[in-house]
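Examination of the molecular architecture
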Amino acid sequence: MDIIMSTIGRISPGPEQIHSHSKPPTSGVVSTLQSPAIRRLRGFSRASVSRVIWSFLALTEVFLLETAAAANLPSRNLFLADSHNAMAHNDPAQQDAQMLAGPSGSSRQLGDHEIQYLHTGPAHFGQVISGEYADGKRVFWGNGIDRIVKVDYDTYEMIDEYPFPGTTYYDEARAEASIARFDENNSGFFALIHAFQEAGKLRDLANLYTVLDRDHNYYIGSKTGQILVFGDEDPRDSRSRIVKKGEFQFPDSVTGPVMGLSMTYDGWLIAATEHGYIVAVSRDLSQFHWVRLKHSEGAEDKATKPTGYGWIRNAFAIDEDGGIYIASQSHMHKVIWTGDRLSVNETDGAWTAEYLNGWGHGTGATPSLMGFGEEDQFVVITDGQPQMNMLLFWRNGIPKNWQQLPNTPSRRIAGQLPVTMGDSSLTQIQSEQSVVVSGYGAMVVNNAPRNIPWYLPERATGLLVGYLGSHPEYQPYGLQKFIWNPDTQTLDYAWVNREISSPSSVPTVGILSDRVFFIGARDNQFTLEALDWSTGEADFHYVIGGQRYNVMYSGTSIDEDGRIHYGTPWGRVRLTPVSRRGE
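These remarks concern the structure in this document. (Residues numbered from 1 in each chain as written. Predicted model: local features only at pLDDT ≥ 70, side-chain atom pairs only at ≥ 80, totals over all residues. Heavy atoms only, no water.)

**Thoughts on the pattern of salt bridges**
Taken as a whole and assessed by the stated rule, the structure comprises 21 salt bridges. With its nearest N and O atoms 3.7 Å apart, the salt bridge here joins Asp82 to Arg76. The class of Asp82 is partly exposed, set by a relative accessible area of 26%. Ionic pairing is found between Asp559 and Arg563, a salt bridge with its closest N-O pair at 2.7 Å. Assessed through its relative accessible area of 15%, Arg563 is described here as buried. Here the salt bridges do not stand alone but share partners, grouping Asp146, Arg147 and Glu161 into one network. (Salt bridge = Lys/Arg side-chain N within 4 Å of Asp/Glu carboxyl O. Buried < 20%, exposed > 50% of the residue type's maximum accessible area, 1.4 Å probe, protein only.)

Here it is in structure tokens:
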């Protein structure tokens, strides 16, 4: 979401998620029953066989619990939808890491039967997955500029759509014409003109941040200072129509477009505005509280560019104890939700810490949480230097013997390392994406286009990676991972991959496979890339296709069955790779 707004100017479950299932996954049981070991048990009593099977499943659950602990996962928020993806960046910790494996195999071209494309209208950058309805089904919810859609989880067919009143409705014929033009030419002056025309509609994107709760209520934070809530005409029926259920208008004293929406672990909606206000609203929209961040005086006039570069540019993270972590133009803030009020007072545990901001626009990243339980605990962003740094802030108390790091503006900074992408001569690099976090690892992607035309204004360079990013003339290369060493208490470089391109995709980590997935590009074709999260080495890639499959700043996500999802300028894509013999 972060990069989208600037261009137009993570459920990562804990043990609770595993225990929430009322029965073991069917696919795992079938696989177990078909194994030779189980066939040899057929001479035993049914009760004995059952004990063996359930012992196996218990051991599997222990393995998953140990894997979750090793990955430093946050607890599941029980008020959100019971799925791995209930909001932007999956969950309140905003890690972009999921306790799922994702696909595997050898590199190849995907067949048409392995790619599902659904026209949804423009700017469906994210989607969320519901828990199970009373009828045993799940659905996808999503929205863009002109409509909300509800999509069948199994078939990926449209169930219903809800057009936003007063907006232009973009039909499929218009999308197909635009796709054909980009397929014909996605380089040079005329391609840029087409990209500029397409990007113009994003100015009408009013409803960007969304949350889906356990009762199938779909909340949207609007730039008009509202929280809108939609749901099912019949809450028990996953096939029922979308209906508007209510809206909450911020009081006149709270100003600025909504720049993030999340939910506390006791079920309160939290919103932030560009002007530095934090608002807590009950799920039934009947109660609210608000507070203004420190250093936000005059924030209304501190935007550095027309759109997407306000005093607060991005969303925020929330921990299970009520800590809300949000970055402003030059500071990282922790706000405390006590259960009945919001506080910015240090006596309640709140804090504010400065970070470097040499380029003036502030961080382009949504804060991500790292470390849970007994682990070292941080909030992670990149800073506002022309050559950005990876930053770790101590999330709670600063260790008593901690010495302020050299060249840092705050003792709360636990780690500060420049992003180099493996190039010691690099002097300038910025990203508009969140930092991907899994365990003590933190990864950033190079989104700086190559070969910027001399006539293109700096503020328009996002068009090159957004709409034209698969073209070899413009596509950027490079991903870099950092890692916290709890023994030496230092932030270190882990690896760099300079051979793979992720023009604008937001990656996600499949924890169970130890892979990071994202939509890349090769030979002007969009691809699914899979890297080893531990080493950075390329594992495999799937070729998807041409400009219909442009990722354009969308998040890559894994659904409950391991399929890959992402958005395009005009629709949504689901990849369903079929395992081949020997893979």
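So, next bit.
**Side note on the sheet that holds strand 12 (residues 258-263)**
By way of backbone hydrogen bonds, the strands of a sheet pair with one another, either parallel or antiparallel. The four strands are arranged 12-13-14-15 in an open sheet whose pairing can be described as antiparallel. The sheet is open, and its two edges are formed by strand 12 and strand 15 (288-292), each paired on a single side. Between one strand axis and the next, the sheet turns by 15 degrees as a mean value, whatever way the strands run. By the bridge criterion, five bridges tie strand 14 (residues 277-282) to strand 15 in an arrangement that is antiparallel. The residue bridging Ala280 from the neighbouring strand is His289, located in strand 15. (Pairing = 2+ DSSP bridges. Helix = DSSP H or I, 4+ residues; strand = E, 2+ residues; numbered from the N terminus. Axes fitted to C-alpha atoms, helices over the stretch in contact; angles between N-to-C directions.)

**Description of a nonpolar patch on the surface**
On the surface, Phe189, Phe190, Ile193, Trp454 and Tyr455 cluster together to form a nonpolar patch covering roughly 650 Å² of accessible area. Classification of Phe190 by relative accessible area gives exposed; the value is 64%. (Patch = residues over 30% accessible without salt bridge, like charges linked within 9 Å, V, L, I, M, F, W, Y side chains within 5 Å. Areas by Shrake-Rupley, 256 points an atom, 1.4 Å probe, with all protein chains shown as cover.)

**Re the packing of helix 6 (residues 172-184) against helix 7 (residues 189-200)**
Two elements in contact, helix 6 and helix 7, have axes whose closest approach is 10 Å; the angle formed by their N-to-C orientations is 155 degrees. One element, helix 6, and the other, helix 7, form an angle in the roughly antiparallel class. When you trace helix 6 past helix 7, the crossing you get is left-handed. Facing Ser178, Arg181 and Phe182 of helix 6, the residues of helix 7 in contact are Ala191, His194, Ala195, Gln197 and Glu198. Here the contact of helix 6 with helix 7 is built from residues that sort into three nonpolar, three polar and two charged. (Parallel < 35°, antiparallel > 145°, perpendicular 65-115°, else oblique. Left-handed = near helix turned anticlockwise from the far one by under 90°. Contact = heavy atoms within 4.5 Å. Nonpolar A, V, L, I, M, F, W, Y, C, P; charged D, E, K, R; others polar.)

**Remarks on unusual backbone geometry**
The phi angle at Gln489 is positive, at roughly 55 degrees, despite the residue not being glycine. Among the residues examined, Gln489 registers a relative accessible area of 24% and is labelled partly exposed. Although it is not a glycine, Tyr553 sits at a positive phi angle of roughly 75 degrees. The exposure class assigned to Tyr553 is buried, which follows from its relative accessible area of 3%.

**Focus: the sheet that holds strand 35 (residues 571-575)**
With respect to topology, four strands assemble into an open sheet ordered 3-35-34-33, the strand pairing being antiparallel. Both edges of this open sheet fall to strand 3 (115-119) and strand 33 (557-558), since each of them pairs with a single strand only. Two strands pair when backbone bridges link them, and strand 34 (residues 564-567) and strand 35 are joined in this way by four bridges, in the antiparallel orientation. Considered in strand 35, the bridge of Gly567 is made with Arg572.

**Some remarks on helix 7**
Helix length check: helix 7, at twelve residues, gives a terminal C-alpha distance of 17 Å against a target of 16 Å (1.5 Å per residue), a fit within 8%. Residues Ala191, Leu192, His194, Ala195, Glu198, Ala199 and Gly200 constitute the buried set of helix 7. Residues of helix 7 that are buried sit in contact with helix 6 and helix 8 (462-466). (Expected span 1.5 Å × (residues − 1).)

**Comments concerning the side chain of His124**
Inspection of the secondary structure assignment puts His124 in the loop between strand 3 and strand 4 (127-129). Only 2.9 Å separates the side chain of His124 from the backbone oxygen of Thr120, close enough to count as a polar contact. Setting aside anything within four residues of it in sequence, one finds His124 in contact with Gly142, Asn143, Gly144, Arg147, Val149, Gly567, Gly571 and Arg572. (Polar contact = N/O pair within 3.5 Å; in protein donor to acceptor, adjacent residues only side chain to side chain.)

**Concerning the packing of aromatic side chains**
Under the definition given, this model contains 22 aromatic pairs. On the basis of an interplanar angle of 55 degrees and a centroid distance of 6.5 Å, the ring pair of Tyr325 and Trp351 is categorised as tilted. Separated by 26 residues along the polypeptide, Tyr325 in strand 17 (residues 323-327) and Trp351 in strand 20 (residues 351-354) bring together distant segments of the chain. Each member of the pair Tyr325 and Trp351 is classed as buried. Aromatic ring contacts, followed pair by pair, group Phe189, Phe190, Trp454 and Tyr455 into a single cluster. (Phe/Tyr/Trp six-rings, centres within 6.5 Å; stacked < 30°, edge-to-face > 60°.)

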